[in-house]
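Observations on the three-dimensional arrangement
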Amino acid sequence: MLGIGVLLLCGLALAPLLGLVWFAFGPGEAVGGAVGESLSFDLGADGPAQAQNTLALVALVGLLSALLGTATGWITARCSFPGRRWLRIAQLLPLASPSYLLAATWIDLGSRYGIRIHGFAPTLVVLLLSTYSYVFLLSTESFSVSGRRQLEASRSLGVGPWGSFWRVALPMALPSIGAGVALGGMEVVNELGAVQLLGVPTLSSGILMRWQQDGDPQGAVALALMALVIVVLLVAAERNLRGRSRCWNLGNDGDSDLRWPLARQRRWLGQLVCLLPPLVSLGVPLLWALLSWDQIRSEDSSELLALGGRSFGLALLAAFLTVAAGLVLAIAKRWLANGLIQRLSFVAGLGYAIPGAVLALALMLIGGPLALAPMLLLVWGYADRFLAVSKGGLDAALERIPPSVDEAATSLGSSWLGVLQRVHLPLLRGPLLVGGLLVFVDTVKELPLTFALRPFDFDTLAVRVFQYASDERVGAALVPALMILALGILAAMALIPSLDRLERN
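Scope of this entry: the structure provided in the associated data block. (Residues numbered from 1 in each chain as written. Predicted model: local features only at pLDDT ≥ 70, side-chain atom pairs only at ≥ 80, totals over all residues. Heavy atoms only, no water.)

1. A closer look at the overall build of the protein
In plain terms, the rule: The secondary structure listing takes helices from DSSP runs of H or I that are at least 4 residues long and strands from runs of E that are at least 2 residues long, numbered from the N terminus. In this description, contact between two residues means that some pair of their heavy atoms is separated by no more than 4.5 Å. Surface exposure here means Shrake-Rupley accessible area, sampled with a 1.4 Å probe, where a residue is shielded only by the protein chains that are shown.
A tally of regular secondary structure across the protein gives 22 helices and four strands. For the protein, the proportion of contacts with a sequence separation of at least 24, taken over those separated by at least 6, is 86%. Counting every atom, the protein has about 22400 Å² of accessible surface; 65% of that belongs to carbon and sulfur.

Structural data, given as structure tokens:
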């Protein structure tokens, strides 16, 4: 029974990509009433520029996020200065502000003072502020728990913090830093709202344009496959680097209070490096809200309740389905030794790496011939994309439960359902709640998938903020933007206990 459920979930998770590949390389099929021809891989007139911009953003954002995330990770993990703990927590705040919201606020504030914010450079900064926290989270974990004995030895030999960082800590943390860069690169490929608002054509925006505006499904699929190639390379690099980072982890040995005090200019510089990114990421939208508060009455806000209800309803449904599916896959990984099921379960959890525009296109290719309702496709897309968010936390939590607990329960005659209900669910209450919260907030903020698959005249908070920002309707965008920002802060705060555990170790 458990194996059948896992196969069904894996089939639903992998079906969109399999359908995309079939449409690309299989025989012509009816799609949206037209007969598909064999894929010619014609990227169109704008395709090369979209691919070039995407690759350039992935490379430059990756390089800059590696520098910024590593700097903040090392300073807050291994240096001592006033406000260090609060600045460490503040590095989570950029995760609260979606990149399209940050871009919209910058554009509006710039227009007030006669500054045109447009083009590649502002897009690079916005995506950097939205993704460097991935590098921070993984690098600060490496700096906190790995190589303490080596750092003690280097300090006993008179090596200062700068030398210890370059000679000991950085080589050990490179796999974690690389994994964080790969995760940020996946978000860059997925980005839609910020690049459209700032006028930078990328693969994500090109996919929807070729499909919806030009009516060219073949061209959209060609761009989607190119985006998938980039994502596959990033996923392979992330998995490889994560494996290497586990080999470097020497455990929580040594002095837990090994930190170098910062004084004078170094202290001010360290505080500035850690304060500036979250201050810009969260402070600019809040400043925009304060300056725009008087415009809220000039816009009709009667639809706000409906928008909030739709967004919250979709997010609750997606959170429930995703957490339930993640729980089944995590339990199967623990209970079933079948190699095929293990590999399928792993691949099914990679949906978070797939760009939202690519996943939306794949679902439309499936849903068109089958006449599936847009709402069903939208919920399917949410569950597929965010399955890894809930599954990852549950996998880690189950690994902390000794197998002897399961063996004791089964020796007393309990089935796997009984063990799940009486043993695992009480112990997994925390990870289930955190995973559900993260999926809920990610669903509310999600733009590419929602924008492409939503039914007609069915907008959400994220879609409406993007539309209002595109139309320069500041007053109407204010309250939905603040609601998304508040939910993002709530999700960021859910990650604080993980930093506190590193602090105690």
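2. Considering the nonpolar core
Rule in force here: Put simply, a nonpolar core is a bunch of buried Ala, Val, Leu, Ile, Met, Phe, Trp, Tyr and Cys residues held in one set by side-chain atoms that sit within 4.5 Å of each other. Whether a residue is buried, partly exposed or exposed follows from its accessible area with a 1.4 Å probe, protein chains only, as a fraction of its type maximum: under 20%, in between, or over 50%, in that order.
Formed by 101 residues in total, the largest nonpolar core has its most connected members in Leu20, Ile207, Val221, Val358 and Leu361. For this core, the element with the highest residue contribution is helix H10 (residues 217-248), accounting for eleven residues. Other than its neighbours up to four places away in sequence, Leu20 contacts Val221, Ala224, Leu225, Leu228, Val358, Leu361, Ala362 and Leu365. Ranked by size, the runner-up nonpolar core spans 21 residues in total, among them Ala325, Ala348, Ile401 and Leu428.

3. Concerning the environment of Leu109
Positionally, Leu109 belongs in helix H4 (residues 99-112). Residue Leu109 is classed as buried on the basis of its relative accessible area, which comes to 12%. Ignoring any residue separated from it by four or fewer positions in sequence, one finds Leu109 in contact with Val284, Trp288 and Leu291.

4. Some points on unusual backbone geometry
Here Ala371, not a glycine, exhibits a phi torsion of approximately 55°, which is positive. Note that Ala371 resides in the loop between helix H14 (356-370) and helix H15 (374-399). For Ala371, a relative accessible area of 66% translates into the label exposed.

5. Details of the pattern of salt bridges
Rules: Salt bridge, as used here, is a side-chain nitrogen of Lys or Arg placed within 4 Å of a carboxyl oxygen of Asp or Glu.
Counting across every chain of the model gives four salt bridges. Between Arg454 and Asp459 there is a salt bridge; the shortest N-O distance is 2.8 Å. Residues participating in the shared-partner salt-bridge network are Arg454, Asp459 and Arg464.

6. Describing the state of the cysteines
Applied cut-off: Count a disulfide wherever a pair of cysteine sulfur atoms falls within 2.5 Å.
Going through the model one piece at a time under the given rule, you end up with zero disulfides. Cys274 provides the cysteine sulfur closest to Cys79, a residue in no disulfide bond, and the two sulfurs are 8.6 Å apart. Accessibility expressed as a relative area gives 3% for Cys79, which makes it buried.

7. Comments concerning the side chain of Lys445
The condition that has to hold: This count recognises Lys and Arg as positive and Asp and Glu as negative, with His and chain-terminal groups excluded.
Topologically, Lys445 is positioned in helix H18 (residues 429-445). Although Lys445 is buried, it forms no salt bridge, and the closest oppositely charged side chain is Asp442 at an N-O distance of 4.3 Å. Leave out the neighbours within four places in its chain, and Lys445 touches Leu95, Ala96, Pro98, Tyr100, Ala462 and Ile484.

8. Some thoughts on the packing of H4 against helix H21 (residues 474-493)
For the record, the criterion: For helices, the fitted axis covers only the stretch in contact; all axes are lines through C-alpha atoms, and the angles between them, taken along N-to-C directions, range from 0 to 180 degrees. What makes a crossing left-handed is the near helix being turned counterclockwise from the far one by less than a right angle; a clockwise turn instead makes it right-handed. Amino acids outside the nonpolar list (Ala, Val, Leu, Ile, Met, Phe, Trp, Tyr, Cys, Pro) and the charged list (Asp, Glu, Lys, Arg) are all regarded as polar, and Gly is one of them.
It is the contact of H4 with H21, at a shortest axis distance of 11 Å, that shows an interaxial angle of 145°. With respect to the hand of their crossing, H4 and H21 are arranged in left-handed fashion. Here H4 contributes Tyr100, Leu101, Asp108 and Arg112 to the contact with H21, which in turn contributes Val474, Ala481, Ile484 and Leu485. Grouping the constituent residues of the contact of H4 with H21 by class yields six nonpolar, no polar and two charged.

9. Considerations on the side chain of Ser139
Note the following rule: By the criterion applied in these results, polar contacts are pairs of N or O atoms within 3.5 Å in which, for protein atoms, one can donate a hydrogen and the other can accept it, and in which residues neighboring in sequence qualify only through two side-chain atoms.
Secondary-structure assignment places Ser139 in helix H5 (residues 120-145). Engagement of the side chain of Ser139 in a polar contact is seen with the backbone oxygen of Gly69, the distance being 3.3 Å. Sequence-distant contacts of Ser139, defined by excluding residues within four places in its chain, comprise Gly69, Thr70, Gly73 and Ile177.

10. Description of the packing of aromatic side chains
The test is simple: Two rings from Phe, Tyr or Trp (for Trp, the six-membered ring) form a pair when their centres are within 6.5 Å of each other. A pair whose planes differ by under 30 degrees is stacked, one over 60 is edge-to-face, and the rest are tilted.
A full pass over the atoms with the stated rule returns three aromatic pairs. Plain terms: the ring middles of Tyr382 and Phe386 are 6.5 Å apart, the flat faces sit at 20° to each other, and that makes the pair stacked. Here Phe386 and Tyr382 lie together in helix H15, a separation of four residues that amounts to about one turn. The burial state of Tyr382 is the same as that of Phe386; both residues are buried.

11. Looking at a nonpolar patch on the surface
Condition: Think of a patch as exposed residues, more than 30% relative accessible area, with no salt bridge, where like charges cluster within 9 Å and nonpolar side chains (Val, Leu, Ile, Met, Phe, Trp, Tyr) cluster within 5 Å.
A surface patch of nonpolar side chains, about 470 Å² in accessible area, is lined by Leu269, Leu272, Leu275, Leu276 and Leu279. Tracing the backbone shows Leu272 in helix H11 (residues 264-292). The partly exposed category is assigned to Leu272, whose relative accessible area is 47%.

That is the geometry; function is a separate question.
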